[in-house]
Amino acid sequence: MTLASKLLAAFVIAAPALAAWGCGDPAVPPEASGSTGSGPSRVGSGTAPAAGGPAAPAKDRARQGSSVARYEPGGLVVVADEDHKALQLIELPVERETKSVKFEPPGTPAQIVSLGKRLLVTVRDDGDGDGALLVYEKKDGLDLTEVARVELPADAWGIATSPAGTHALVTSAWTAKVSLVDLTTNKVVWTRDVAREPRGVVFTPDGDSAYVSHLIDAPLTRIDKIGSEATVSRVPFPASPLRSAANERLSASLGYSLVLSPEGDRLYAPRHALGTLGIRTWFGAAAVDVLDLATQKNIATPRGGNAHVSMIEPLMPRDGREGLSTWWSAASTIVEEGNSAFIQPRAAVYRKSQRSILVASEGTDAIVELDAMMQDPTLGLIRSYSTLSDSDRIMGVAVQGGAPSGIALSEDEGTAYVYCRTTDELAVVRLVEGDGYYETVPPRYVKLAEDPKDPMFAFGRKLFYNATDYTVSGGLACAGCHPEGRDDGYVWHEVEFSNEGKPNGGKFSNFFGSASAARHMDAFWHAKEPRKTNIDKTGAGYARQTPMLAGRLKAKGPYGWLAENKDLSARLVAGFRLHRWEGPGIDEKEVTTGARINHLSVFVRAGLTPPPMKKRDLSDEEKRGKEIFMSEAAACSSCHAPESDYTNRSVAVIPGNVPRQAFVEEKNAAYKTPSLLFVGGSAPYFHDGRYETLEELIEKNGDRMGKTSHLSPEDRKALVAFLRTL
Amino acid sequence: MTKTARLLLVPLFASGVIGMVALGALSGLARAQAPAASATTVPAAATSASAKWPAPDLRVPAPLASQTIPTDKSELPKGDKAWHATTLIEPTRRSHRAANCRVFMLREYLNVFCPLNIALIRQFAGPTKDAEVWVTPKPFVDGRFPDLWNGPLGGKVVFPLRKGEGYVFQFFIVAEAYEGFGVDPSIVVDASWPESQEKPTVVLR
């Protein structure tokens, strides 16, 4: 054999291995070449090119997880019922008498992917504080057999499989990690640190890269060279450019899901845009931001401030008539269309046959169908399918079909299987084609679990996720800023208004997502009625970072950043008033308001699950950190008292408290010492979120909170290491 | 404004109405031009009575995706005459709400005309230099509100399709309100042509 022919032979042998990551994995499991699915299609992935011939097209096996999935081999729909630590198995087709069968995995399931014969399930907490990926196959009847268990960082949540079906990426939410799992060996290939609260994950069609969405902030995480180095980078992706002020780059929250177009060229990110301009949306707006994968830019064109307008004469101001200002929806240069298309996007799927996206609107008990061809699909609401069949007469929360939080489509895309979390049901929603007015068929429900024994807990859970009860808030549920009882990592603007000519001085306070939003709404609504506000040229309102709730509400009180509320009930009432745009005064003595307070108090204390934390002994470095924390020299523990969840609940004036940009100074403010429980995962830090990391907080603290300026670099590192264990 | 001045302005509005009817009517372009020529002598009331919704256009629109769009920038077409004998286009997608809108193409420009009771059109996004919006109102006569409910009103947006650019417009229609009439949001015109795409996407929804 000549050298040339040897090289040629070597190349032929090596070619499959050198082929693209998604195309050349030699260890494709037997079923990987014969399954069908509804994921994005791609020709050429999954099979190595045959020597001497063209690459054989393979079935695309890219899948994305959801809390509900069709498990084709079993003829089932499977629901990850996190609240009952169960997988609920429902046989298809769903009939009137269909019942679910409960299967108990070892831990708290979060998402499911059906991949050939296998059912992949992520587990947030296996009981020991670890996460896991469980691999099941169906046994006879309605039963599953565990065929593999892969240990993962705690709080394993989102999952996506590669186009070849040979690997899975799993996001671990609280521990902020992404892991690659080889599904042929059921071993972890690598784990990478990413930004806080990674949730949705999707492979690119070539399988070489992946994108990750986050519950907190707008940028996406991109992972390249998945098959080798696995490099991690952040992709700037400001939210909702059509609804932002000029030159502002908006933040976002609730990035639970990502959806890829069938062509693999557009990535859809349903989320909540924070700080958008609007006449009523103090809290922001619905957004489906579309990333052009070729250019890494948002498809949407930024809003223009002074673009063309033409109107009929009666709308123009003349002869003492106000003109257009009367009609607020058209008078503003702000895009109002679709800004509440959904509230709290909890899950999404692409409906290929209609070129649309279905988004689970947790806060409004609906599945909304949006035009995927538009720059921001929220401008193109095709139809809203209510998952609700009945609601409580007093509270306005769902009796059936509450808080949709997962969607799976039937193979013909004519039916959506929707997991309704607060009523413990699978809703079977009949989808229609095209647009136009059409009274949709009411959903059919399969009950997954009995209602909670404590009706106060049950009502509290519904109220927590519901955005339509006007007493609790003005359009956004508790879960909108406290997803899963955690926090949105956002710093809100608390703006005070007063008018001495009004009863009680016309005082009220509201939250706004940005200084621009506060200025815009104030100018629009109160042009004729000047009020005193804490809005000036430098900023708007006082900085109020969203606090985490889960596991931090044991104390009787006080609550609030300034300890202004003596107990949890008082804080809830304050929240009812803050989280809206003005609105009616909320009377806590009114009987139904009191009931809401009681129900919510029960649920937020008993129903919000704290993040999983693995119990273990402290390392030497962490022990050193604890010594520093407890020392009189550092004096951390004098305020952050360990015996009461690391807070003495007293207030303290922080010296040198210069306000951050876009906020105003809060003179002589004394802030309540916050609990340090789960502090390692709840960045950013300080009441105004000015520090991105604990390291930065300690580095820049000086001696304002306790004394840390004297600490050596090693001691600071040790202190941070200890804080992360709390 | 004096009554005389209003009366002088009436013919101008009237010619605008008729001009837009002509724009929308396609097969009836020539037919619509004739009254426009004599509109200066037609009283406002008569104009209202005689003006009709554009005649249905029986041509089959050509898909936008089938069109070759010039890459060189050209000037914004001036006046309604420029749009005579242009190509009728089917946008990438339209909703039922936009079923009666008609889209014309001239060089790289699109003209989207919607025969609704349009009160206002606003451009929300995209360059303004080569774009325009135009409502064709009934005249405001003798200080009285016009008959806003029975048409014909309509409006158009004109903009170019150029790689790397995007546009968002919204039509607002006349609606009932406390003070006689108000404004409701209606059709959104959404056009985008990302650098990475071969063809633009135009959605009327």
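Side note on the overall build of chain A
Of the regular secondary structure elements, chain A holds 11 helices and 39 strands. Out of the 726 residues belonging to chain A, those deemed buried represent 60%. Counting contacts in chain A only where the partners sit at least 6 residues apart, residues at least 24 apart contribute 57% of the total. Of the accessible surface of chain A, which amounts to about 28,900 Å², a share of 53% is contributed by carbon and sulfur atoms.

Some details on a negative patch on the surface
All names here are of chain A. Judged by side-chain charge, Glu72, Glu411, Asp412 and Glu433 come together as a negatively charged surface patch. Take Asp412: it is sitting in the loop between strand S30 (404–409) and strand S31 (415–420). Classification of Asp412 as exposed rests on a relative accessible area of 60%.

Focus on the sheet that holds strand S4 (residues 86–91) of chain A
Residues and elements named next belong to chain A. Pairing within the open sheet is antiparallel, and its 4 strands lie in the order S2-S3-S4-S5. Edge positions in the sheet fall to strand S2 (68–71) and strand S5 (101–103), since each has one partner strand and no second. Averaged over neighbouring strand pairs, the angle between their axes works out to 30° when direction is ignored. Two strands pair when backbone bridges link them, and S2 and strand S3 (residues 76–81) are joined in this way by 4 bridges, in the antiparallel orientation.

Re the confidence of the model for chain A
Taken over all residues, the pLDDT of chain A has a mean of 86, while the share at 70 or more is 89%. In the model, residues 1–58 of chain A has pLDDT below 50 throughout and makes 82 contacts with residues more than four positions away in sequence or in other chains.

Some points on the pattern of salt bridges
Inspection of the entire model under this criterion finds 47 salt bridges over all chains. Note that Arg205(B) is salt-bridged to Asp435(A), the shortest N-O span being 3.6 Å. Within this pair, whereas Arg205(B) is found in the segment after strand S11 (201–204), its partner Asp435(A) is found in the loop between strand S32 (425–430) and strand S33 (444–447), the two belonging to separate chains. For Arg205(B), a relative accessible area of 7% gives the class buried. Its salt-bridge partner being Glu108(B), residue Arg162(B) comes within 3.1 Å of it at the nearest N-O pair. With Arg162(B) in the loop between strand S8 (154–160) and strand S9 (166–175) and Glu108(B) in the loop between strand S4 (102–106) and strand S5 (109–114), this pair connects stretches of sequence that are 54 residues apart. Across the pair, exposure class does not vary: Arg162(B) and Glu108(B) are buried alike.

Here we look at the interface of chain B and chain A
Taken together, the contacts link 51 residues of chain B with 50 residues of chain A. Taking both partners together, chain B and chain A bury about 3,900 Å²; carbon and sulfur atoms supply 58% of that area. At the junction of chain B and chain A, the tally comes to 4 salt bridges. Applying the counting criterion to the chain B and chain A interface returns 14 residue pairs in polar contact (both at pLDDT 80 or more). Listed by contribution, the elements that provide at least two residues to the side of chain B that touches chain A are helix H1 (3–25), strand S6 (118–125), strand S7 (132–136), S9, strand S10 (182–192) and S11 of chain B. Taken together, the residues that form the side of chain B that touches chain A break down as 28 nonpolar, 14 polar and 9 charged.

Digging into helix H10 (residues 694–701) of chain A
Residues and elements named next belong to chain A. Residues of H10 that are buried: Leu694, Glu696, Leu697, Ile698 and Asn701. Buried positions along H10 lie against helix H11 (713–723). After H10 finishes, the residue Gly702 shows a positive phi value of roughly 60°.

Digging into the packing of helix H3 (residues 455–465) of chain A against helix H7 (residues 591–606) of chain A
Residue and element names in this part refer to chain A. Running from amino to carboxyl end, H3 crosses H7 at an angle of 90°, the nearest separation of the two axes being 7 Å. Taken together, the axis directions place H3 and H7 in an arrangement best described as roughly perpendicular. Seen from H3, the contacting residues are Met456, Phe457, Phe459, Gly460, Arg461, Leu463, Phe464 and Tyr465; seen from H7, they are Arg596, Asn598, His599, Leu600, Val602, Phe603, Val604 and Ala606. Here the contact of H3 with H7 is composed, by residue class, of 11 nonpolar, 3 polar and 2 charged.

A few points about the state of the cysteines
Residue and element names in this part refer to chain B. Scanning the entire structure with this criterion turns up 1 disulfide over all chains. Disulfide pairing places Cys101 opposite Cys114 at an S-S distance of 2.1 Å. On the S-S bond that ties Cys101 to Cys114, the torsion sits near 115°, and the link is right-handed. Residue Cys101 is found in the loop between strand S3 (93–94) and S4, and its partner Cys114 is found in strand S5; the two are separated by 13 residues along the sequence. With relative accessibility at 3%, the residue Cys101 sits in the buried group. What makes Cys114 buried here is its relative accessible area of 0%.

Re helix H6 (residues 568–578) of chain A
All names here are of chain A. Taken together, the buried positions of H6 are occupied by Leu568, Leu572, Val573, Ala574, Gly575, Phe576 and Leu578. The elements touched by buried residues of H6 are strand S34 (491–498), strand S35 (508–512) and H7. Its side-chain oxygen 3.3 Å from the backbone nitrogen of Ser569, Asp567 forms the N-cap of H6.

A closer look at the pairing of strand S10 (residues 156–161) of chain A
Residues and elements named next belong to chain A. Taking burial as the measure, the 6 residues of S10 include 6 buried ones, the bulk of the element. In this structure, strand S1 (residues 63–64) lies alongside S10, joined through 2 bridges in antiparallel fashion. Among the inter-strand pairings, Arg63 is bridged to a residue of S10, identified as Thr161.

Some words on the pairing of strand S15 (residues 210–214) of chain A
Residues and elements named next belong to chain A. Within S15, 5 of the 5 residues are buried, which leaves the element mostly enclosed by the surrounding structure. Hairpin connection of strand S14 (residues 198–203) to S15: 6 residues between the antiparallel strands, including Gly207 at a positive phi of 75°. Inspection of the sheet shows S15 paired to strand S16 (residues 220–224) by 3 bridges, in the antiparallel sense. In the strand pairing of S16, Ala210 is matched with Ile223. Hairpin geometry of S15 and S16 is characterised by an intervening segment of 5 residues between the two adjacent antiparallel strands and by a positive phi of about 75° at Asp217.

Overview of the packing of aromatic side chains
All names here are of chain A. With the rule as written, the count across this model stands at 21 aromatic pairs over all chains. Between Trp492 and Phe511, the ring centres sit 6.4 Å apart and the planes meet at 20°, which makes this aromatic pair stacked. Here Phe511 lies in strand S35 and Trp492 lies in strand S34, a separation of 19 residues in the sequence. Seen in terms of ring centroids, Phe497 and Phe508 are 4.8 Å apart; in terms of plane orientation they differ by 15°. Their pairing is stacked. In this pair, Phe497 is assigned in strand S34 and Phe508 in strand S35, connecting sequence segments 11 residues apart. Pair check on accessibility: Phe497 and Phe508 agree, each one buried.

Focus on the confidence of the model for chain B
All names here are of chain B. The predicted model of chain B averages 72 in pLDDT, with 62% of residues at 70 or higher. Per-residue pLDDT, averaged within each element of chain B, yields its smallest value for helix H2 (residues 29–38) (29) and its largest for S11 (98). As scored by the predictor, the complex reaches a pTM of 0.86 and an ipTM of 0.85.

Quick word on the nonpolar core
All names here are of chain A. Within the largest apolar cluster, 53 residues are counted, with the highest numbers of intra-cluster contacts made by Phe464, Leu600, Phe629 and Leu723. Of all the secondary-structure elements, those providing two or more residues to this core are H3, helix H4 (478–481), H6, H7, helix H8 (620–630), H10 and H11. In this view, Leu723 contacts Phe629, Leu676, Val679, Gly680, Leu694 and Ile698; residues no more than four positions away in its chain are not counted.

Cut-offs and rules
Residues numbered from 1 in each chain as written. Chains lettered and ligands numbered in written order. Predicted model: local features only at pLDDT ≥ 70, side-chain atom pairs only at ≥ 80, totals over all residues. Heavy atoms only, no water. Helix = DSSP H or I, 4+ residues; strand = E, 2+ residues; numbered from the N terminus. Buried < 20%, exposed > 50% of the residue type's maximum accessible area, 1.4 Å probe, protein only. Contact = heavy atoms within 4.5 Å. Areas by Shrake-Rupley, 256 points an atom, 1.4 Å probe, with all protein chains shown as cover. Patch = residues over 30% accessible without salt bridge, like charges linked within 9 Å, V, L, I, M, F, W, Y side chains within 5 Å. Salt bridge = Lys/Arg side-chain N within 4 Å of Asp/Glu carboxyl O. Lys, Arg positive; Asp, Glu negative; His and termini not counted. Charge placed at Lys NZ, Arg CZ, Asp CG, Glu CD. Pairing = 2+ DSSP bridges. Axes fitted to C-alpha atoms, helices over the stretch in contact; angles between N-to-C directions. pLDDT = per-residue confidence, 0-100. Buried area = accessible area lost by both parts, 1.4 Å probe. Polar contact = N/O pair within 3.5 Å; in protein donor to acceptor, adjacent residues only side chain to side chain. Nonpolar A, V, L, I, M, F, W, Y, C, P; charged D, E, K, R; others polar. Parallel < 35°, antiparallel > 145°, perpendicular 65-115°, else oblique. Disulfide = S-S within 2.5 Å. Phe/Tyr/Trp six-rings, centres within 6.5 Å; stacked < 30°, edge-to-face > 60°. Core = buried A, V, L, I, M, F, W, Y, C linked by side-chain atoms within 4.5 Å.

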